[in-house]
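Here are the chains, one letter per residue:
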Amino acid sequence: MNAPMETVFGLLGGLAVFLFGMNMMSEGLQKAAGAKMKSILSLLTSNPVLGVLAGAVATAVLQSSSATTVMAIGFVSARLMTMRQAIAVIFGANIGTTMTAQLMAFKLSDYIWLIVFVGFIVWFIAKDERIKNIGQTVFAFGLLFVGIDTMGAVMKPLAQSDVFLTMIDQVKDVPALGVVVGTVMTLVVQSSSATIAVLQSFASQPGPDGVTSVLGLAGSIPILLGDNIGTTITALLACIGQSRDAKRTAVAHSVFNISGALVFIWFVPVIAQFVQFLTPGPELDVIARQIANAHTTFNVVCTLLWLPFIGVMVKIVTFLVPGKGGAQDQGDLVYLDDKIVGQPVFAIRMFGEELQKYCDKVRDMLAVLPEAIASRDAAAFKALKADCATVEAAEAQLANYAVELLSAGATSEKQAAEISDLMFIVDAVGRIGSRCGEVSALYGERLSSKKPFSDEARQELSESAAMVAEMYGAVLQFLSDQDAASERVLDERRRQIIKRQSKARKDHFRRVSSQQCAPENKAVYNQLLLCLERAGNECSNLVEHGAELSMWGDSLGADRTDSRGGGSDELAGALA
């Protein structure tokens, strides 16, 4: 194989190993630190500084600013986070992503294969899931450096090529050209961490004199600025088809990085001197660390400059993406972003929040039903029929999303069990909604009948529906507080419903016998009572399994934070 092809294949192969290692390390870190990731969400308050901190920590764990940005956009679309909060998180994500470059700057060539071997053995042998995840993370960490070393090895001949050196001189003399090169590289690879790793590897190659870097820090910084611009394309792609506020959040990411690059490009020599002061030493030995420090400096300074002006950023992106923001454009009851299924901690969080809206919708339907029955309100029954169709569609969305989460392969055993708990609630609440829909359809058909139910029969049905609605509301509260006393009260309510249904059947039979009600209504009346009784039974099923449902304590516990800014126990507030 000729030298140019060997260099190209070696570079592509090294890059592939690097990206594979990064994705595997992100997955391992996420599984190992899953419980801690929940506390990161509690920092998402109206305080922008805490939002920046949350974004930085999340990105350090995920090892991808693009993943954090896509997550923030999804949360804005689902209205779990305000645009101001998301912008602060994105600022932090830009700082967090510099940790990858800092890791890459370590000189671990002598220990790479030992790290790979130890990580693989732990990952392969360990039975405990947490230890297994740590082993996977260590193994992937070693692969990162295998990829970097491979790229560095094939780049050595390039550093001695006259043609390539001439091209490098042009990039060094024209900073704007370096920005373009960095932007294009990141657009192609879709990972600023990968292109910065390539930059660090190449800059570590000696020039013709064998002492100084072939590129130098001053020549590397413009390419670094281009990397930061190129990484914004991921967010822009992620916002396609999302709400207007989500699009504004993605544009804010672009404005942040582009404005920073436009300012920094005028001060490249000053920045180079500052970084060299921070990281002194022989250039070839410290150039990788200097590039990492320049990357950190750029993002920290940009964040400090923009942080007091988040309101200005909001106005800028509102001007660039005009129109009224707010609810998701699709108008669905639930909104689930399939772009974050690879981050199960956050995806489960979104799933739980959307499930809460789903549960609330069924509660609203049950609340309307008693009055609709008592007043024979045809419009209310028509609306309930539409609501039932909406709930059925939401149930299908939630079920499909759960399948996507599990099939993505990024969930731990505990997370898989949590998803199972979530789906138990989805199924049970869906059946309650279906019973409500059946009652609405059956009773709605009788409104046009020449022989309607008697006033006494309507009153009995209305009271039974009210008892079910009350029990369902109490079940949601029980799932929130897990109070044993509440469980006993709910069990007593179920017995009262059964007793009430039995009495209603006997009373209706008496009315039919005395010709107070038409015989034709008997079968429909019994079917209506049966639907309400089944709804009550589903409520009991939720109670019986309530102590086993970890979802309420783990996914939506008391550490959750209101998307409007104030920390609160949203679950108790929303389900009370």
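Residues numbered from 1 in each chain as written. Predicted model: local features only at pLDDT ≥ 70, side-chain atom pairs only at ≥ 80, totals over all residues. Heavy atoms only, no water.

## Here's the deal with the environment of V52
- Within the secondary structure, V52 sits in helix α3 (residues 48-62).
- The residues touching V52, leaving out its near neighbours within four places in the chain, are A88, F91, G92, I95, T303 and L307. (Helix = DSSP H or I, 4+ residues; strand = E, 2+ residues; numbered from the N terminus. Contact = heavy atoms within 4.5 Å.)

## Observations regarding the side chain of Q136
- By secondary structure assignment, the location of Q136 is in helix α8 (residues 129-155).
- The residues touching Q136, leaving out its near neighbours within four places in the chain, are M24, E27, G28, G119 and W123.

## Quick look at the layout of surface pockets
- As a volume, the second largest pocket reaches approximately 430 Å³.
- Along the walls of the second largest pocket sit 23 residues, with M22, N23, Q63, S64 and A67 positioned nearest its centre.
- When residues of the lining of the second largest pocket are traced back to their parent elements, those giving at least two are α1 (3-32), α4 (65-77) and α11 (192-203).
- Ranked by residue count, the leading element in the lining of the second largest pocket is α1, at 6 residues.
- Across the lining of the second largest pocket, the residue classes tally to 6 nonpolar, 16 polar and 1 charged.
- Of the residues that make up the lining of the second largest pocket, three or more belong to each of domain 1 (3-320) and domain 2 (338-556). (1 Å grid on protein atoms, 1.4 Å probe; cavity = no way out; pocket = protein on both sides within 12 Å on 5 of 7 lines; lining within 4 Å. Points joined across faces, edges and corners; volume = space filled by probe spheres on them. Nonpolar A, V, L, I, M, F, W, Y, C, P; charged D, E, K, R; others polar. Domains from an automatic or database assignment.)

## Comments concerning the packing of α11 against helix α12 (residues 217-230)
- Close contact between α11 and α12 brings their axes to 10 Å; oriented N to C, the two are set at 170°. Judged by the inter-axis angle, α11 sits roughly antiparallel to α12. Touching S192, T195, I196, L199 and A203 of α11 are S220, I223, L224 and D227, all from α12.
- Of the residues in the contact of α11 with α12, the class split is 5 nonpolar, 3 polar and 1 charged. (Axes fitted to C-alpha atoms, helices over the stretch in contact; angles between N-to-C directions. Parallel < 35°, antiparallel > 145°, perpendicular 65-115°, else oblique.)

## Points about the nonpolar core
- Within the largest apolar cluster, 82 residues are counted, with the highest numbers of intra-cluster contacts made by F351, Y358, L369 and Y472.
- In terms of residue count, helix α18 (residues 344-375) provides more of this core than any other element does, 14 residues in total.
- Two domains each put at least three residues into this core: domain 1 (3-320) and domain 2 (338-556).
- The contact partners of Y472, leaving out residues within four places of it in the chain, are C359, V362, R363, L366, V429, I432 and C539.
- Within the second largest apolar cluster, 69 residues are counted, among which are A88, I168, A272 and V317. (Core = buried A, V, L, I, M, F, W, Y, C linked by side-chain atoms within 4.5 Å. Buried < 20%, exposed > 50% of the residue type's maximum accessible area, 1.4 Å probe, protein only.)

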